[in-house]
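Here is how the chains run, residue by residue.
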Amino acid sequence: MKIQAMMLAALMLAGCGTVQTVAFSDKFSTDQLKAKKSYCGAVPRIYSGVTYDFCMLHAEKPDDVDAFDYKNATPGLLVDAAVSGVLDTLLLPYTIYKQQADGSIEIN
């Protein structure tokens, strides 16, 4: 039971906005947002996970996705934004430093 819970937690964190923007390269994050046709031009590193999730939420609806399936993805993104908010708060000292050193993650 513990192994299943750990695997579920790992899978959830892999899609987390904070993990996408802090643990992976800037190129990976921008490629993900470009692929979803996000309207965001940049993602600040401070609270980047929450911003990333809202950029995904306000991206174009893909042509090959049924509208019903697309609307059902919204609650998952909102839950992820809440989890990202907690992780972003814990990582705040690091992300403040990265914002000062590297600036925002430029998408376009």
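Check the entry above for the structure.
It should be emphasised that the depicted structure is a prediction, and the values quoted were computed from it without experimental measurement.

Student: I'm lost on the overall build of the protein chain in this one. Help?
Tutor: Along the protein chain, the regular secondary structure elements total six helices and two strands. Each helix and strand of the protein chain, placed in order from N terminus to C terminus, yields the pattern α-α-α-β-α-α-α-β. Summarising the internal contacts of the protein chain: among those between residues at least 6 apart in sequence, 66% fall at separations of at least 24. Carbon and sulfur atoms make up 67% of the accessible area of the protein chain, which totals about 7,000 Å².

Student: Sorry if this is basic, but what is going on with helix α4 (residues 48-57) here?
Tutor: In an α-helix, one full turn covers 3.6 residues, which means residues spaced three or four apart are oriented alike. Among all positions in α4, only S48, G49, Y52, D53, C55 and M56 are buried. Projected onto a plane normal to the axis of α4, the buried residues spread over an arc of 160° and lie on a single side.

Student: Can you help me understand the state of the cysteines in this one?
Tutor: Put plainly, two cysteines are in a disulfide when a covalent bond ties their sulfur atoms together. One pass over the structure, following the stated rule, counts one disulfide. Across the disulfide from C40 sits C55; the S-S distance is 2.0 Å. Judged by the torsion about the S-S bond (-105°), the C40/C55 disulfide is left-handed. Linking C40 in the loop between α3 (26-35) and β1 (42-43) with C55 in helix α4, this pair joins segments that are 15 residues apart in sequence.

Student: Hey, could you run me through the pattern of salt bridges in this one?
Tutor: Side chains bearing opposite charge may pair, as long as their charged atoms lie close to each other. Under the counting rule described, the total for this entry stands at three salt bridges. A salt bridge links D26 to R45; its shortest N-O distance comes to 2.6 Å. With a gap of 19 residues between them, D26 in helix α3 and R45 in the loop between β1 and α4 connect regions that are remote in the sequence. Judged by relative accessible area, R45 falls into the buried class, the value being 8%. Of the charged contacts, one joins K27 and D31 as a salt bridge, the two residues approaching to 2.9 Å between their closest N and O atoms. Of the two residues, K27 and D31 both sit in helix α3, four residues apart, roughly one turn of that helix. K27 gets classed as exposed once you look at its relative accessible area, which sits at 57%. Classification of D31 by relative accessible area gives partly exposed; the value is 33%.

Criteria and thresholds
Residues numbered from 1 in each chain as written. Predicted model: local features only at pLDDT ≥ 70, side-chain atom pairs only at ≥ 80, totals over all residues. Heavy atoms only, no water. Helix = DSSP H or I, 4+ residues; strand = E, 2+ residues; numbered from the N terminus. Contact = heavy atoms within 4.5 Å. Areas by Shrake-Rupley, 256 points an atom, 1.4 Å probe, with all protein chains shown as cover. Buried < 20%, exposed > 50% of the residue type's maximum accessible area, 1.4 Å probe, protein only. Arc of directions from axis to C-beta. Disulfide = S-S within 2.5 Å. Salt bridge = Lys/Arg side-chain N within 4 Å of Asp/Glu carboxyl O.

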